[in-house]
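# Remarks on the overall topology
Listed below are the residues making up each chain.
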Amino acid sequence: MSQILIIYTGGTIGMMSDPLTKVLKPINFEQIMDNVPELEKLNCKIKVHSFEQIIDSSNMNPAIWSELASLIQSNYDDVDGFVILHGSDTMAFTASALSFMLEDLGKPVIFTGSQLPISAIRTDAKENLMTSIEIAKAKKHDRARVPEVCIYFDYKLFRGNRSFKYNSSKFEAFRSPNYPILAESGVHLRFSVNDIRHPQEGEGLKVHKNLVSDVAVLKLYPGISPKVVETILTADVRGIVMETFGAGNTTTDQWFIDLLKNAIDSGKVILDISQCKVGTVELGRYETSKHLKDVGVANGYDMTYESAVTKMMYLLGQFENPQDVKQYLETDIRGEITVS
Ligand code: ASP
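Residues numbered from 1 in each chain as written. Predicted model: local features only at pLDDT ≥ 70, side-chain atom pairs only at ≥ 80, totals over all residues. Heavy atoms only, no water.

Take the pattern of salt bridges next. If charged atoms from side chains of opposite charge come close, those side chains can pair. Taken as a whole and assessed by the stated rule, the structure comprises 15 salt bridges. The closest approach of N and O atoms between lysine 139 and aspartate 80, which form a salt bridge, is 2.6 Å. Here lysine 139, found in strand β8 (residues 139-140), pairs with aspartate 80, found in the loop between α2 (62-75) and β5 (81-85); they are 59 residues apart in sequence, far enough to count as distant. Notably, a salt bridge pairs aspartate 104 with lysine 206, separated by 3.1 Å at the nearest N-O pair. Residue aspartate 104 is found in the loop between β6 (102-103) and β7 (109-112), and its partner lysine 206 is found in strand β16 (residues 206-207); the two are separated by 102 residues along the sequence. Here aspartate 104 falls in the buried class, since its relative accessible area comes to 10%. Since its relative accessible area comes to 29%, lysine 206 is described here as partly exposed. Residues joined in a network through salt bridges with shared partners are Asp104, Glu203 and Lys206. (Salt bridge = Lys/Arg side-chain N within 4 Å of Asp/Glu carboxyl O. Helix = DSSP H or I, 4+ residues; strand = E, 2+ residues; numbered from the N terminus. Buried < 20%, exposed > 50% of the residue type's maximum accessible area, 1.4 Å probe, protein only.)

So this is what it looks like as C-alpha cells:
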C-alpha cells in the first residue's frame, strides 16, 4: 500500500471563521480530517506532520522552507510522495524555492490549499486535497509519475517553479502560461507525460538548505528617478531582480546604464525578467536591451518573478563568485526557464 506524508503548514484550507469577528483563523489538522471522512477510503496510508505554528502563508520565510526540505529529506525513503498544505498567497514562492533546494528529486512533492476553508459548504479544498494525494501516489512501472515539486489547484497540476498566483477570488487561483500543465483531472486523471521532468539516471536526492536572502527587486516604470534606482542598486545585497518592460527592455539613459554598470562592477548580480507574464526576455533584440547585455546583466528568459527571487537566493547560497551565479541564472537547472 502506498504511503503519503501530508505536511500541514496552514492557509485558508485549514481556517475557520470566528463567529464573533468573522475573521478567518487557523484550525488544527484533526479538525481538517473531520471534514474529509473520504480520506479513509483512499487506498493508502497517510502520515501527517503538522507544523507547531500554523501560519497564513504571508508569514512564510526561508527558515520554514529549510524545515520543509529537512522533513522531506528525513521521510524520503519511507514514503511514496508528499502533499504540502499551504496558503495560496505565497505558495508559488515556496514551491519554486523547494524545486531548487531538492536536486534530483525522484518523488512527487505536491503543494495544495484552497480558496475557501475546508469546512465551507462550497469549498474547493476537498477536491484539491483528494486529487493531490492521488497524484502523490501515482506510479507507472514502479516509478513516480510526477517526480517534481508541483502545485495542484482547481483540476490542474502545474510545475511549481513555472506558476504564480493569478486570481484571489476564483477557484482557478494559479496559472503557468510559459509552460504546459503537467496533469489535468476530470473523469480521468491525465498526465502530460512528455512535459514531466525526471531526475538524472542513477542520481539520488540532494538537499540544499543554504539560501541567502540578500536580494532586492527593482521594478521599472516610465519616469523612475536616478535617486530611486541608485538607492536600490547600492543597497547592501548581493543579488537584484530587475523587472523590465516587454522582451526585457529598459531606458537607454546614460545615468541608468552607469548605475547598472557600477553595481555589477561592485560584485552584484542583476537578473532581467519581464513584467509581462507571458513570453520571454530577449537581450539584444531591441536597442533598449542591448546595453544590458553589454554591461553584464543576466538573462532571465521566461522565468516567473517567484522563481527569479528564489533561484537568486539559492544560487547566492551555492556560489561566492558573481560570475558563477550569473552563469547558473541563465541555465535551466530545474525546468524553470526555456533557454532559447
Ligand atoms: N491568506 C491565505 C494564505 O495564503 C490565502 C490562502 O490560503 O489561499 O495563507
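This brings us to unusual backbone geometry. A positive phi angle is found at aspartate 104, which is not glycine, with a value near 55°. Unusually for a residue other than glycine, aspartate 142 sits at a positive phi of about 70°.

UniProt annotation of "active site" (unreviewed entry) refers to Thr12 when read in the numbering used here. Here threonine 12 lies in the loop between β1 (2-10) and β2 (15-17). (UniProt positions renumbered as here; feature names shortened; annotations may be inferred.)

Counting through the fold element by element, serine 289 comes out in helix α7 (residues 287-295). Using a relative accessible area of 0% as the deciding quantity, one classes serine 289 as buried. The residues touching serine 289, leaving out its near neighbours within four places in the chain, are Gly248, Asn249, Glu282, Leu283 and Gly284. (Contact = heavy atoms within 4.5 Å.)

Further remarks concern the sheet that holds strand β15 (residues 189-191). One open sheet holds the eight strands; their spatial order is β4-β1-β5-β7-β10-β11-β14-β15, and the pairing between them is mixed. Two strands lie at the open edges of the sheet, namely β4 (44-55) and β15, each paired on one side alone. The sheet shows a mean angle of 20° between the axes of neighbouring strands, direction not considered. Running over the sheet, helix α4 (residues 125-137) touches β1, β4, β5, β7, β10 (149-153), β11 (156-159), β14 (183-185) and β15 and is turned about 160° from β5. (Pairing = 2+ DSSP bridges. Axes fitted to C-alpha atoms, helices over the stretch in contact; angles between N-to-C directions.)

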